[in-house]
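# A closer look at the structure
So you can see what is in the structure, the chains are spelled out below.
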Amino acid sequence: MDTKIGQLDVSKPPCNDVGSLPHNGTVSTPLLSSEWTLGRHLARRLVQIGATDVFSVPGDFNLTLLDHLIAEPGLTLVGCCNELNAGYAADGYARSRGVGACVVTFTVGGLSVINAVAGAYSENLPVICIVGGPNSNDYGTNRILHHTIGLPDFTQEMRCFQTVTCYQAVVNDLDHAHEQIDTAISTALKESKPVYISISCNLPAIPHPTFCREPVPFSISPRLSNHMGLEAAVEVAAEFLNKAVKPVLVGGPKLRVAKACDAFIELADACGYALATMPSAKGLVPEHHPHFIGTYWGAVSTAFCAEIVESADAYLFAGPIFNDYSSVGYSLLLKKEKAIIVQPDRVVIANGPAFGCVLMKDFLSALAKRLKHNKTAYENYHRIFVPEGHPLKCEPNEALRVNVLFQHIQKMLSGDTAVIAETGDSWFNCQKLKLPEGCGYEFQMQYGSIGWSVGATLGYAQAAKDKRVIACIGDGSFQVTAQDVSTMLRCGQRTIIFLINNGGYTIEVEIHDGPYNVIKNWNYTGLVDAIHNGEGKCWTTKVRFEEELIEAIAKATGEKKDCLCFIEVIVHKDDTSKELLEWGSRVSNANSRPPNPQ
């Protein structure tokens, strides 16, 4: 079935009514409505695909475009403090809404936002990056413009974006603008990757006949599996798994881009195998599933999960990414001859064969009907499982420990919450949280850009207004992108931010320590109070002991539930999860391998 983007709006006059015969019988000069402009067309397209909030930073090349975006009734323009955060916000928004958008100015804005766009590319998120470009009359004139590197070449920015977007459109004439914009947007949705659209600064306000066919419904051609390839892949996979004694299933991050989460659970329900998730797929697989055994992350997996996965005689990985971080420095104890690797459009079984043009969701659904029920691996897990102990209770006025903090965060989670975990020790502590049904969870593992979570929290909360976002952010990461707490306040968001203040880049310390990992300590609550400045609803507090934390959480979820709540948690600089200690040493070992002989 085609995925329809947008619907016809019958309340608007059709284009061929424009310039029709007036009552006196004379022919009028065709007139174009002020709403049939390039800027309004782009705005309506964004609304149609679900990007009803656009994150922006103004600059002289995009100001007229911003005027026309603001004029669209269904679109909200969210001004951010800098381009990097606008890009991170579009990333977070896309994680909740399915697509995000940001608007910046030419080159100085574009090259600032490109880091966030690269992160969205690595995580397979459709982000529409819109840039206000030079006046169309300046192309080909050999002129040097401001906001450039001083050369009469306007392609530098686009060339930089070519490696981190799946499509680039430079719109500098009206005749082709409609097609270029629609192609870019549909490509982003089809490929689930960012796209780049540059729009000349003198074009957004000009009406054009191609924009009066509005809305022109467009659809994305469905991607289909090769039927014979699908049948063959299912046949071989079913034979491989049905003869196994204790097979397991492991969900990976590409379940999202393949839109195969439901099909994966259908397979898990049908086969009865033990069900695990890779760390970067946390939140994509329901943890309340009766056969869920935890996060498979090699040596830093949740308790007893790695033992079951790595001792299995067959494992199906759906949408995995095996990088140095997810493999804990390439230390996973997996064997290729035991594995079925299912990617969004390809299936590889053990050492062969491989089947292309087979969509993951089709394969998983078809395989579910062919597997014998086998719960041996889950029974083995249940047999060896020992419930986790609880952290030692803090004594009165004893310094708060991180494991106690996350024990209390666990109690806050429900289907009405979502967790955003910043790069750092929060990766490992948040992995151990047990997500209730409906609780969202996001982090950026593949790209791992520190500071991502502030903008992503802004974007996710703007998209998912029905959830209260709980963001766990380290002090080092917060210093990179702190400014856009002000945008959260302007938007009336009610996020709870736990700022974990341990005086430095702890994740880097555990990989390789040095004086560069120590940062200047800020008065973080004082900073947020200054940003608040009496405008909007904001409440801050600083906690050092467990009893203060309990009181702060009660207030944030009670009388301050409609406020943005900022809780600065003071902890010891060496207070980290045991998983980070293990992971850091293994990643350090992988990073420090000597060169091979040449």
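Residues numbered from 1 in each chain as written. Predicted model: local features only at pLDDT ≥ 70, side-chain atom pairs only at ≥ 80, totals over all residues. Heavy atoms only, no water.

## A look at the overall build of the protein
Counting its secondary structure elements, the protein contains 20 helices and 21 strands. On C-alpha atoms alone, the protein measures out to a radius of gyration of 26 Å, which is about the 25 Å that the 2.2 N^0.38 rule sets for 598 residues. Taken along its principal axes, the extent of the C-alpha atoms in the protein is 90 × 65 × 60 Å. Per-residue burial for the protein yields a buried fraction of 55% across its 598 residues. Separation between the mean location of the 50 positive side-chain charges and that of the 62 negative ones in the protein comes to 4 Å. (Helix = DSSP H or I, 4+ residues; strand = E, 2+ residues; numbered from the N terminus. Rg over C-alpha atoms; globule rule 2.2 N^0.38 Å. Buried < 20%, exposed > 50% of the residue type's maximum accessible area, 1.4 Å probe, protein only. Lys, Arg positive; Asp, Glu negative; His and termini not counted. Charge placed at Lys NZ, Arg CZ, Asp CG, Glu CD.)

## Describing the packing of aromatic side chains
In total, this model carries 18 aromatic pairs according to the counting rule given. On the numbers, 5.4 Å between centres and 85 degrees between planes, the contact of Tyr-139 with Phe-154 is edge-to-face. With Tyr-139 in the loop between strand 5 (127–133) and helix 5 (156–161) and Phe-154 in the loop between strand 5 and helix 5, this pair connects stretches of sequence that are 15 residues apart. Among the residues examined, Tyr-139 registers a relative accessible area of 24% and is labelled partly exposed. Note on Trp-427 and Phe-428: the rings are 6.4 Å apart at their centroids and 55 degrees apart in plane angle, and the pair reads as tilted. An aromatic cluster is built from Trp-297, Tyr-325, Trp-427, Phe-428, Tyr-441 and Phe-443, whose rings are joined through pairwise contacts. Lying across the ring of Tyr-121, Lys-193 places its NZ or CZ 3.9 Å from the centre. Residue placement shows Lys-282 over the ring face of Tyr-441; its charged tip is 5.4 Å from the ring centre. (Phe/Tyr/Trp six-rings, centres within 6.5 Å; stacked < 30°, edge-to-face > 60°. Lys NZ or Arg CZ within 6 Å of the ring centre and 35° of its normal.)

## A short note on the pattern of salt bridges
For the structure on display, the rule yields 15 salt bridges. Between Glu-442 and Arg-256 there is a salt bridge whose closest N-O contact spans 2.8 Å. Placement of the pair is Glu-442 in strand 17 (residues 440–442) and Arg-256 in the loop between strand 9 (248–251) and helix 8 (261–271), with a sequence separation of 186 residues. Here Arg-256 falls in the partly exposed class, since its relative accessible area comes to 24%. (Salt bridge = Lys/Arg side-chain N within 4 Å of Asp/Glu carboxyl O.)

## Quick look at unusual backbone geometry
Going from Gly-352 to Pro-353, the amide bond is cis rather than trans, its omega being 5 degrees. In this fold, Pro-353 is placed in the loop between strand 14 (346–349) and strand 15 (354–356). Of note, Asn-124 is a non-glycine position whose phi angle comes to about 60 degrees, a positive value. Within the element layout of this structure, Asn-124 appears in the loop between helix 4 (110–122) and strand 5.

## Some thoughts on the sheet that holds strand 11 (residues 292–295)
Consider a sheet: its strands pair through backbone hydrogen bonds, and that pairing is either parallel or antiparallel. Ordered in space as 11-10-9-12-13-14-15, the seven strands form an open sheet in which the pairing is mixed. In the strand order of this sheet, the two ends are held by strand 11 and strand 15, each with one partner. Each strand of the sheet is rotated relative to its neighbour by a mean of 15 degrees, with strand direction disregarded. Pairing of strand 12 (residues 315–318) with strand 13 (residues 339–343), which is carried by four bridges, proceeds in the parallel orientation. Counted as the bridge partner of Ala-318 is Val-342 from strand 13. Contacting strand 9, strand 10 (274–277) and strand 11, helix 11 (residues 376–384) runs over the sheet at an angle of about 70 degrees to strand 11. (Pairing = 2+ DSSP bridges. Axes fitted to C-alpha atoms, helices over the stretch in contact; angles between N-to-C directions. Contact = heavy atoms within 4.5 Å.)

## Some words on the environment of Cys-357
Secondary-structure assignment places Cys-357 in the loop between strand 15 and helix 10 (360–368). Distance from Cys-357 to Thr-495, taken between C-alpha atoms, is 42 Å for residues 138 residues apart in sequence. In contact with Cys-357, not counting residues within four places along its chain, are Leu-224, Ser-225, Asn-226 and Asp-345.

## Section: the sheet that holds strand 7 (residues 195–200)
Read from one edge of the open sheet, six strands run 3-2-4-5-7-6, paired in parallel fashion. Of all strands in the sheet, those with a lone pairing partner are strand 3 (76–79) and strand 6 (168–171), marking the two edges. Pairwise comparison of adjacent strand axes, ignoring direction, gives a mean angle of 20 degrees for this sheet. Judged from the four bridges that link them, strand 6 and strand 7 form a sheet pairing that is parallel. Across the sheet, residue Val-170 finds its bridge partner in strand 7, namely Ser-198.

## Side note on the packing of helix 7 (residues 227–242) against helix 10
Between helix 7 and helix 10, the least distance of the axes is 10 Å, while the angle of their chain directions is 50 degrees. Relative to helix 10, the element helix 7 is oriented oblique. Seen from above, helix 7 lies across helix 10 with right-handed handedness. On helix 10, the residues touching Leu-230, Ala-233, Val-234, Ala-237, Ala-238 and Leu-241 of helix 7 are Asp-362, Phe-363, Ala-366 and Leu-367. Residue composition of the contact of helix 7 with helix 10, by class: nine nonpolar, no polar and one charged. (Parallel < 35°, antiparallel > 145°, perpendicular 65-115°, else oblique. Left-handed = near helix turned anticlockwise from the far one by under 90°. Nonpolar A, V, L, I, M, F, W, Y, C, P; charged D, E, K, R; others polar.)

## What about helix 12 (residues 402–412)?
Buried within helix 12 we find Val-402, Val-404, Leu-405, Phe-406, His-408, Ile-409 and Met-412. Here the buried face of helix 12 lies against strand 16 (417–421), helix 13 (425–431), strand 18 (468–474), strand 19 (496–501), helix 19 (546–557) and strand 21 (564–570).

## Some words on the side chain of Thr-210
Within the secondary structure, Thr-210 sits in the loop between strand 7 and strand 8 (218–220). Given a relative accessible area of 15%, Thr-210 falls into the buried group. Polar contacts involving the side chain of Thr-210 include one to the side chain of His-208, which spans 2.9 Å. If we skip the residues at most four places from it in the chain, Thr-210 touches Leu-174 and His-178. (Polar contact = N/O pair within 3.5 Å; in protein donor to acceptor, adjacent residues only side chain to side chain.)

## A word on the nonpolar core
Counting residues in hydrophobic clusters, the biggest one holds 57 residues, and the most contacted among them are Phe-55, Phe-161 and Phe-478. Listed in part, the 44 residues of the second largest apolar core include Phe-406, Val-543, Cys-565 and Val-587. (Core = buried A, V, L, I, M, F, W, Y, C linked by side-chain atoms within 4.5 Å.)

## Some words on the pairing of strand 13
Working note: regular strand, side chains alternate between the two faces of the sheet. Pairing of strand 13 with strand 14 involves four bridges; the strand directions are antiparallel. Paired with Ile-340 across the strands is Ile-349, a residue of strand 14. The hairpin formed by strand 13 and strand 14 contains two residues between the paired strands.

## Digging into the pairing of strand 2 (residues 53–56)
By the alternation rule, side chains of strand 2 split into Asp-53 and Phe-55 and Val-54 and Ser-56, which are all buried. Both strand 2 and strand 3 contribute to a ladder of four bridges, which runs parallel. Along strand 3, the bridge assignment pairs Ser-56 with Gly-79. Bridging between strand 2 and strand 4 (residues 100–105) involves two bridges; their strand directions are parallel. Each bridged residue has a counterpart across the sheet, and for Phe-55 the counterpart in strand 4 is Cys-102.

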